[in-house]
Amino acid sequence: MASSMDSWPREYNEAVKLADDISGMISEKSSMPTSGPEAQRHSSAIRRKITILSTRLDSLQSLLSKIPGKPLTDKEMNRRKDMLSNLRSKVNQMASTLNMSNFANRDSLLGSESKPVDAISRASGLDNHGVVGLQRQIMKEQDEGLERLEESVTSTKHIALAVNEELNLHTRLIDNLDDHVDVTNSRLQRVQRNLAILNKRTRGGCSCLCLLLSVLGIVGLVVAIWLLVKYL
């Protein structure tokens, strides 16, 4: 029975929800085009969530040995280990779907944590020479684990770099869009100024034409009056 201070079940449920979310996104990926910007963004989002989920599984593994309050029974501890192992297998399967081979190898990296071996029991019945040999074996296993951990960290770094590159690409696209908007706005302002000048000139031309017609009308009227006076 978990104590009120035991946060492991809550953390585990959140990890399960995230795994279900990733599974749904992978299902959506099958109905999307195999290439193109949209497919790349979708795959990148899935990879990021798998990385986050893998980190949460590591945290859950660490919490098993640091649960506050009353210690768990062996049955409850084994049950949680099985739950965590099953969820990690599911994550590895989803990672394999996206060719994330480094995540698929995390079981070998974390195997010593999911199935810990008591070093004291291993050393029981050994003489001094055997104990020294056992210590060397344990150090070798630790070195191999650190090497695999380095590979996992390197993989995570590559994913982070890919995400950063994608963000930089989006930033450049937004900057280019801003530049195009500024250029279009400048052209629109020039067209508006040209239309205003043309409208002003058109109004001025109409005024001159009206004035000319008025003068011609007056001249015609004067000529008509003069002809009437002369011949009447």
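Residues numbered from 1 in each chain as written. Predicted model: local features only at pLDDT ≥ 70, side-chain atom pairs only at ≥ 80, totals over all residues. Heavy atoms only, no water.

## Side note on the packing of helix H1 (residues 8–29) against helix H3 (residues 74–97)
Part 1: Running from N to C, H1 and H3 point in directions that differ by 25 degrees, and their axes come no closer than 11 Å. As judged from the angle between their axes, H1 and H3 are roughly parallel. In this structure, the crossing between H1 and H3 has a hand that is left-handed. Each of Trp 8, Pro 9, Tyr 12, Ala 15, Val 16, Ala 19, Asp 20, Ile 22, Ser 23 and Ile 26 in H1 lies in contact with H3, whose residues at this interface are Arg 80, Met 83, Leu 84, Leu 87, Lys 90, Met 94 and Thr 97.
Part 2: Grouping the amino acids of the contact of H1 with H3 by side-chain chemistry returns 12 nonpolar, 2 polar and 3 charged. (Axes fitted to C-alpha atoms, helices over the stretch in contact; angles between N-to-C directions. Helix = DSSP H or I, 4+ residues; strand = E, 2+ residues; numbered from the N terminus. Parallel < 35°, antiparallel > 145°, perpendicular 65-115°, else oblique. Left-handed = near helix turned anticlockwise from the far one by under 90°. Contact = heavy atoms within 4.5 Å. Nonpolar A, V, L, I, M, F, W, Y, C, P; charged D, E, K, R; others polar.)

## Quick notes on the UniProt feature "coiled-coil region" (unreviewed entry) in the protein
Part 1: Using the residue numbers shown here, the UniProt feature "coiled-coil region" (unreviewed entry) corresponds to residues 174–201.
Part 2: In the segment residues 174–201, helix accounts for 100% and strand for 0%; the C-alpha atoms at its two ends are 41 Å apart. (UniProt positions renumbered as here; feature names shortened; annotations may be inferred.)

## Quick look at the nonpolar core
Part 1: The biggest cluster of nonpolar side chains holds 21 residues, and the ones touching the most others in it are Ile 22, Ile 46, Ile 50, Leu 53, Leu 57, Leu 60 and Met 94.
Part 2: Element by element, the count of residues in this core is highest for H1, at 8 residues.
Part 3: In this structure, Leu 60 is in contact with Trp 8, Glu 11, Tyr 12, Ala 15 and Leu 84, ignoring residues within four places of it in sequence. (Core = buried A, V, L, I, M, F, W, Y, C linked by side-chain atoms within 4.5 Å. Buried < 20%, exposed > 50% of the residue type's maximum accessible area, 1.4 Å probe, protein only.)

## Examining the pattern of salt bridges
Part 1: Under the counting rule described, the total for this entry stands at 8 salt bridges.
Part 2: Put simply, Glu 14 and Arg 10 hold a salt bridge, and the shortest N to O gap is 3.7 Å. Remark: Arg 10 and Glu 14 occur in helix H1; sequence separation between them is 4 residues, near one turn of the helix.
Part 3: Residue classification places Glu 14 among the partly exposed residues on the basis of a relative accessible area of 31%.
Part 4: Across the pair Arg 88 and Asp 58 runs a salt bridge, and its minimum N-O distance is 3.6 Å. You can see Arg 88 sitting in helix H3 and its partner Asp 58 sitting in helix H2 (residues 37–63), a full 30 residues away along the chain.
Part 5: Judged by relative accessible area, which is 7%, Arg 88 ranks as buried.
Part 6: Sharing partners across several salt bridges, the network here consists of Arg 10, Glu 11 and Glu 14. (Salt bridge = Lys/Arg side-chain N within 4 Å of Asp/Glu carboxyl O.)

## A look at the packing of aromatic side chains
Part 1: Counted by the stated rule, this structure contains 1 aromatic pair.
Part 2: Ring centres of Trp 8 and Tyr 12 lie 5.3 Å apart, and the angle between their planes is 5 degrees; on these two criteria the pair is classed as stacked. Linking Trp 8 with Tyr 12, this pair stays in helix H1, spanning 4 residues, or about one helical turn. Assigned by exposure class, Trp 8 and Tyr 12 land together as buried. (Phe/Tyr/Trp six-rings, centres within 6.5 Å; stacked < 30°, edge-to-face > 60°.)

## Notes on a negative patch on the surface
Part 1: A contiguous patch of negative charge, built from Asp 143, Glu 144, Glu 147, Glu 150 and Glu 151, is present on the exposed surface.
Part 2: If you trace the backbone, Glu 144 turns up in helix H7 (residues 128–231).
Part 3: For Glu 144, a relative accessible area of 34% corresponds to the partly exposed category. (Patch = residues over 30% accessible without salt bridge, like charges linked within 9 Å, V, L, I, M, F, W, Y side chains within 5 Å. Areas by Shrake-Rupley, 256 points an atom, 1.4 Å probe, with all protein chains shown as cover. Lys, Arg positive; Asp, Glu negative; His and termini not counted. Charge placed at Lys NZ, Arg CZ, Asp CG, Glu CD.)

## Topic: the confidence of the model for the protein
Part 1: Considering every residue of the protein, the mean pLDDT works out to 75; 78% of them sit at 70 or more.
Part 2: Across the protein, H1 holds the top mean pLDDT of 88, while helix H5 (residues 106–114) sits lowest at 45.
Part 3: A low-confidence stretch, residues 104–117 stays under pLDDT 50, and its non-local contacts, those more than four residues away or across chains, total 21 contacts. (pLDDT = per-residue confidence, 0-100.)

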